[in-house]
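Results of the structural survey
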Amino acid sequence: MIVTHSKPKEVLEHIHSVLSTTLPDDAISGELVDLVGFDDIEIVAELLASRSYLVNAVSSDRLSLKDKRTFEGSTLEKAETGAVNASLAPQDVRRRLEETLRANASRPLFTGVAQEAPEVLPHVYSSSSMMQSGSLSQFGSKYALPLGTTRHDYEEYEEVIIPPARVIPPRKSERLILVNELDELARGSFPGYSSLNRIQSIIYSTAYESNENILVCAPTGAGKTDVAMLTILRVLNQHRSPISPSSPLHASIDRNAFQIIYVAPMKALASEIVRKLGKRLKWLSIQVKELTGMGILSDTRTTCDMQLTKSEIAETQVIVTTPEKWDVVTRKPTGEGELASKLKLLIIDEVHLLNEERGAVIETIVARTLRQVESSQSVIRIVGLSATLPNYLDVAEFLNVSRYKGLFFFDSSFRPIPLEQHFIGVRGKPGSARSKTNLDRVTYEKVSELVRQGHQVMVFVHARKETVKAAQALKDAATIDGTLEDYNCEEHPQWTFFRRSIGDSRNKEMKQLFDLGFGIHHAGMLRSDRNMMERMFEARAIKVLCCTSTLAWGVNLPAHAVVIKGTQLYDSAKGSFVDLSVLDVLQVFGRAGRPGLETSGEGYICTTDDKLAHYLDAITSQNPIESRFISGIENALNAEIALGTVTNADEGVQWLGYTYLYVRMQKNPFLYGYLVFITQLTLHLGMSRDDVAEDPLLGQKRNFLIMTAARRLASARMINLAEKTGVFSITDLGRIAAKYYIRHASIEVFNKEFKPKMTEADALSMLSMSTEFDQIQVRESEVKELELLMKKIPCAVRGGTDTSQGKVNILLQSYISRFPVEDFALVSDTAYAAQNGGRIARALLDIGISRKWASVATVLMGITKAIEKRLWPFDEPLRQFDLKAEIIYGLENSREEYSPAELASMTSVELGNLVRLNERHGQALRNAARQFPTVTMTSSLRPLGSNVLKIAVSVTRDFDWNTKVHDSGEPFWLWVEDHEGIEILQFAHLLLRQSTNTLDVNFMVSIPTDIPPPYFTVRFVSDRWMGAEDEHHVSLDGLIMPAPSHSHTPRLDLPFLPRSSLCLPVLEDLYSARLHDFNAIQTQVFWSLISTSMNVLVSAPVSSGKSLMGHLAIWSLVLFIVPNRTLAGQSLLDFRAISNALNVTVELSAGEGLFSPYRTNTIRVVTPSGLLEAVDQRNFRHANYPSLVVCDNLEQLDAAYELSISLLQHITQNNPTRYVGLSTSLNDPTDIASWLGVDPAALHSFRPTDRDQSLTIMYQTFTIPHSAALFKSMSKPAYMAIKSVPSRESAIIFVPSRGHCRTVAQELITQCVLNMETETGFLPTFVPPRYVEAFSARLQDSTLVDFVTRGVGIFHSGMSKADRNLVLELFAEGVVPVLLAPRDACWMLPVRAGVVVVMGTQYIHLEKDGSGPQLRDYSLVDVVQMQSRAVRHDAPGHFFLFCQAEARDTFSKFLAEGLPLESELLDSSLFEKWYKERRRDGSIRSKQDAVQALSFTLLARRLVSNPVYYDMEAGSQNEVLSRIVDRLEEPVL
């Protein structure tokens, strides 16, 4: 009813009198509603929110300036709960009240207009009608306490009692689902169940018969885990295949096709979930495992507990993890990150943790999953399980749950055992003696009363020692009170049996307390003692059990009543005492009441009076669940940028749209405006409801949040930020921070403290400054023990025991040294420091290596392994094996120190004597020494230019492989550092496998031209084994680098020659379509090639027209040599196009027919192998030698190519044969020209930058090792490269292998779908679908259809010729604008594109000897060929090279200056074989003959110019050739 008033001032006075009473707000709220009216009920909230100020304001009609400021401050405080949206200044309140009352007075009692009824949701089961709306109550910030709530005040405490909720009667459509009604799969997974309970029956059809996302809000103990089980069974059912009736059911499940993730809030709960699910799914052969460790997982094994190797992950179907671990996992595209690719179901338990500090992590993982669903177009079901919460509609919206299908809310009346809740606020200052005394007293009173009623009680405390203290306090109080006999259980029929059993325990306190009816239970007790306590309590042989919360999480042991004694517990993560979490309270309360034995339960929480309202509000769900995402937005954004999912501000805004923060910002904007103000300190978002109305999607506000966070990251050098475009790119620092879960604030600290040279003490000090340890504080009670520890640890501690950094440092060193720690809080802090210290040390190591700081990287490598192994670098390394203590003792106390390699070389008898034990112990020591990872390193120097040196390192395994010890591989670092040990010049992270005997690694380093360093150091460091290190000095004494080349030809600014310069009309007509004028390079070489008969070498950029000039120089009998059959085929096609017009015969020749007589002008195309076969016939009496030999593609000169041309030159040395050499730009073509007999005037050597065509070259570097993760991270940059040019441009993407073509194609299509919001991918809009379908129908490989219809083609030699030609046709027509090809297809690909992207410059090579896969680099020649596909004569080209960071300098140098070219004869078995045959047949009779024969090779010239490359000393040509002959003669003799 609307109450009207004609005299607003009188009503205002009435309101003033109501506010002035001493009654609580709840008591006067109803009267205020009657006065103001229900339609304006929000004014009541305003009045109550500032009640004390308004009483004075209304009476005095004014406020002093001081009062106004105070009042405005209180308004901001109220804003945090969303209670105040309008001004509460007294004059404004008075004005609004008067206006409202006048409006009500003039309004009729009945309007005749129906009001919109509140929305009724189908699956919301609540005894309160207010909960149906899912929004806050009419009072703005909280719900009223349940009906029947009573409040009692006592001298020592205040108590609020909330009765059990009224049970909601079943609806007509409800019925319990019997287990025997379920199908075979579900029935077998519910053993011992007769039916599902009420909640499970309601949700069954949605959970098991649909793929709807679900949010289940229900009380603890209501059976939510079984709902999760139903959704798991749904996934299993969807991955079944038909089987024969005789086959077991589990055989029908494809266990490799899916994975399920269960995210539990705590490790203890995760272990319990693994146990429960594993037991129930065992009959289906479903593996359930835990993945919760936050340590660092290497490629092959774990370094801390509860982690899984890659193979274990692949074999596991259900993985139970924590939010933080799942966040880490999903940041990795491979390894553990491969979980996300097979994910079908994500279950998030305890979603209401969104309201706590860890809630930001839950938001992060849900947002990432939702984006994955959208990007991959995959189906990932999300199931949220939660305790009852008020704004469940917001959480449902966040989880993408349909409020009509997937949202299920059940209030506390659905608890299996009705619970009466007692909230007790103990009086006295927190921590004071009075407060502690009152806490002990009220605990005793409540426990004593319950025991007198015949009930069992669990008393929960928060430290192991407190369990005994609490029991002793209860015993003492009962003794004083004379009620100790009430606790006695001697009348129990099994008491004597239990008394006898407990007599076997060593726990004295447990024995003594048992006799009095008390028990204790905590994780520090022996497992047998804990089991005994559980059995005794379950049998009611103990009345009171004092325990820690681990009992509530890990064991299902209910009691009639639970009492939480105190709510302060020590949190090592924060380094201080914190409030008991609401999650823990709910879990403990879930243990109250014994299902099947009792009809009710009681839960007591005893806290301080200042925390009473907090727990009352939280447990009864009075406050809305708010987002905590802003507090971690920088770290979350950095992770997304590192993952490649956010590359600019717009994508960041879109990403924020998936978070719970976005949902709540729309509902409660003022709160988040205020929070941003607090977070940013100086920047105030200033959000209001007007902002939401003007910008309902909050685009501007989200952009502000993203850009503010991005600027913070950029200032920490974690990302690169382009302010104008809003583009983000990750840096090494940011990538490392994301990988190791390091906060951006810690990175800021490291930026200040990191130095190129640091001692172990410096590094430990820096590590201890990490903000991850900010919570650890120094307490007075610990100082003495810390000082004792500091005296024993090896490294000096900066700050001593006075700072938290010093404390962390001391604890870390004590942990490594295995020193015992006594104080309980210190034990907890030590565990926290060790757990996080290893992770942070790994991050610092990666930072040191990325900055190429050799000294500090070596130090950090030692610290990292020291924390992981609890072993100092100076300790005995064989401690890492499971050897007996006496063996280690004998080894450490021997007279001399021996390395593992030295020990491995000794006999078992010698080792037994060394450790003063027998031969058997010596054999165990020898086995360990033989298995300790050691290697042998060799190196050779290969100068590639005047200032570039290739160091070829060979690493040979020198230890016995044991799979139990080494698992599937041993990771290690290999780097080259300068002679001072300061800078890492180049590095590699490698893996030794059991099948690997030798790994070959090439390092490219720059050599100063003035004073070269005396040596380099190659350092080998195991990634896991302390002491497994070695170094190899590479001496540069006597190093002779090739002289700088001065033979490059400057490109002259000449007028272009016209086509008519050929003076041959036939040729002019043939080339009229391709050639109008000769370009600059063609013009410059025209005279030498066309108008003279000199030998000529043209070394010019790719696609500069040199091959055409080679064709024009042809006459008479021509031998056209190309490196391989692919190029031979292309040359044949080119020549045959003009052969008829010129009356020239074109043929592919080899062997005897190569020098046969000819009747007409003939062009014979030949490969080196064919030429070698011909010149090896040794019957040249009637041979017709060619008048012209064109050597094309000389940059691909290999042993066969060089040997065949050298032999040809030898046999034609007396004939007038002209030689023309063609190659891409070379670094130093002098010796090639000399080899071909080219006069300096006819040597035309142009640099790559001399090309006429416009070609933009861009490099993007990556630090991720060669893996699927690398290509996943490259996919978005590749897409951006494609889109960086006009839309009609085509693109060619080169990948390492055929297998990469499809995966990369799918990734590119996904990126296109996400960004273009179209399912047609790259397919141009002008191409009609029917046109594409017609072409697709002609494809023989149907798997290509999905790619072609989305505008992506694939080209490689494994495809049928018809499919290859069809794809090329579509690409040429622009129907398929993106073409993917493997590395080796670059030589057979006849098309060009506006964009060429080389995705990675490494590939996996499989050795024929079965020694395992080896990672190899692309050859420079291959990269140049790929580059040529972007060079076009009619339009600019764009070449993108994605490579490893350390390879960029090498590629950029040689792509800009020309390729190095050396002889490969000495590395070829072909050359050695040829020499042996010539010696055998007498062609080479003497050493002089051999020197003479070799003088025709390129090798002879390069031996003089670059002797070090061939491991030779400098000398004249005859001298070095003589040494080569001596080397060749050794195996012959």
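Look up a bit, the structure's there.
Described below are features of the structure shown in this document. Please read all numbers here as calculations on a predicted model, not as lab measurements. Residue indices begin from 1 for each chain and proceed along its sequence in written order. Given that the model is predicted, a residue must reach a pLDDT of at least 70 before its local features are reported, and side-chain atom pairs must reach 80 or more before they are shown or counted; all residues, however, enter totals for whole chains, interfaces and linings. Note that the side-chain values use all heavy atoms of the structure and ignore hydrogens as well as water.

A word on the packing of helix α46 (residues 1168-1175) against helix α47 (residues 1199-1211)
The criterion, for reference: Every axis corresponds to a line fitted to the C-alpha atoms, with the helix fit spanning only the stretch in contact, and the corresponding angles, defined between N-to-C directions, vary from 0 to 180 degrees. Secondary structure elements are taken from DSSP: a helix is a run of H or I of four residues or more, a strand is a run of E of two residues or more, and numbering for both begins at the N terminus. The sense of a crossing depends on the near helix, which, turned anticlockwise from the far helix by less than a right angle, makes the crossing left-handed and, turned clockwise, makes it right-handed. Two residues qualify as a contact provided that any one of their heavy atoms is within 4.5 Å of a heavy atom in the partner residue. Amino acid classes used here: Ala, Val, Leu, Ile, Met, Phe, Trp, Tyr, Cys and Pro are nonpolar; Asp, Glu, Lys and Arg are charged; the rest, including Gly, are polar.
Between α46 and α47, the least distance of the axes is 8 Å, while the angle of their chain directions is 35°. Judged by the twist between their axes, the crossing of α46 over α47 is left-handed. Across the interface between the two elements, Pro-1168, Leu-1171, Leu-1172 and Val-1175 of α46 pack against Ala-1200, Tyr-1201, Leu-1203, Ser-1204, Ile-1205, Leu-1207, Leu-1208 and Ile-1211 of α47. Considered class by class, the residues forming the contact of α46 with α47 number eleven nonpolar, one polar and no charged.

A closer look at the side chain of His-1048
Put simply, the test is: A 1.4 Å probe rolled over the protein chains alone gives each residue an accessible area, and that area as a share of the maximum for its type sets the label: buried under 20%, exposed over 50%, partly exposed in between. A 3.5 Å cut-off defines polar contacts: any pair of N or O atoms within that distance qualifies, except that in protein one atom must be a possible hydrogen donor and the other a possible acceptor, and neighbouring residues in sequence count only when both atoms are side-chain atoms.
Along the polypeptide, His-1048 turns up in the loop between β27 (1029-1035) and α42 (1065-1070). Residue class for His-1048 comes out buried when judged on its relative accessible area of 17%. Only 3.1 Å separates the side chain of His-1048 from the side chain of Ser-1245, close enough to count as a polar contact. Residues contacting His-1048, with those up to four places away along its chain left out, are Leu-1226, Asn-1227, Ser-1245, Arg-1247 and Glu-1457.

Structural notes on empty space enclosed by the protein
A water-sized probe rolled over the atoms picks out the places where empty space is left. The condition that has to hold: Lining residues are defined by having an atom within 4 Å of a point belonging to a cavity or pocket. Those points lie on a 1 Å grid over the protein atoms alone, cavities being sets where a 1.4 Å probe fits but cannot get out and pockets being open sets with protein on both sides within 12 Å along at least five of seven lines. Grid points are joined across faces, edges and corners, and a volume is the space filled by probe spheres set on the points.
Enumeration over the complete set of coordinates arrives at two cavities of 30 Å³ or more. Looking at the largest cavity, its volume works out to about 80 Å³. In this structure, the largest cavity is lined by 13 residues; those nearest its centre are Ser-1225, Pro-1248, Val-1424, Gln-1427 and Leu-1455. Elements with a minimum of two residues in the lining of the largest cavity: α54 (1420-1428) and α55 (1448-1457). By residue class, the composition of the lining of the largest cavity is eight nonpolar, four polar and one charged. Roughly 30 Å³ of internal volume is contained in the second largest cavity. The residue makeup of the lining of the second largest cavity, split by class, is two nonpolar, five polar and no charged.

Some details on the nonpolar core
To be explicit about the condition: Here, nonpolar core refers to any group of buried Ala, Val, Leu, Ile, Met, Phe, Trp, Tyr and Cys residues whose side-chain atoms link them within 4.5 Å.
In this structure, Phe-1155, Leu-1208, Ile-1232, Leu-1308 and Met-1399 are the most contacted members of the largest nonpolar core, which totals 168 residues. Of all hydrophobic cores here, the second largest spans 117 residues; its members include Val-263, Phe-398, Leu-812 and Trp-853.

The analysis is restricted to geometry; functional conclusions fall outside its scope.
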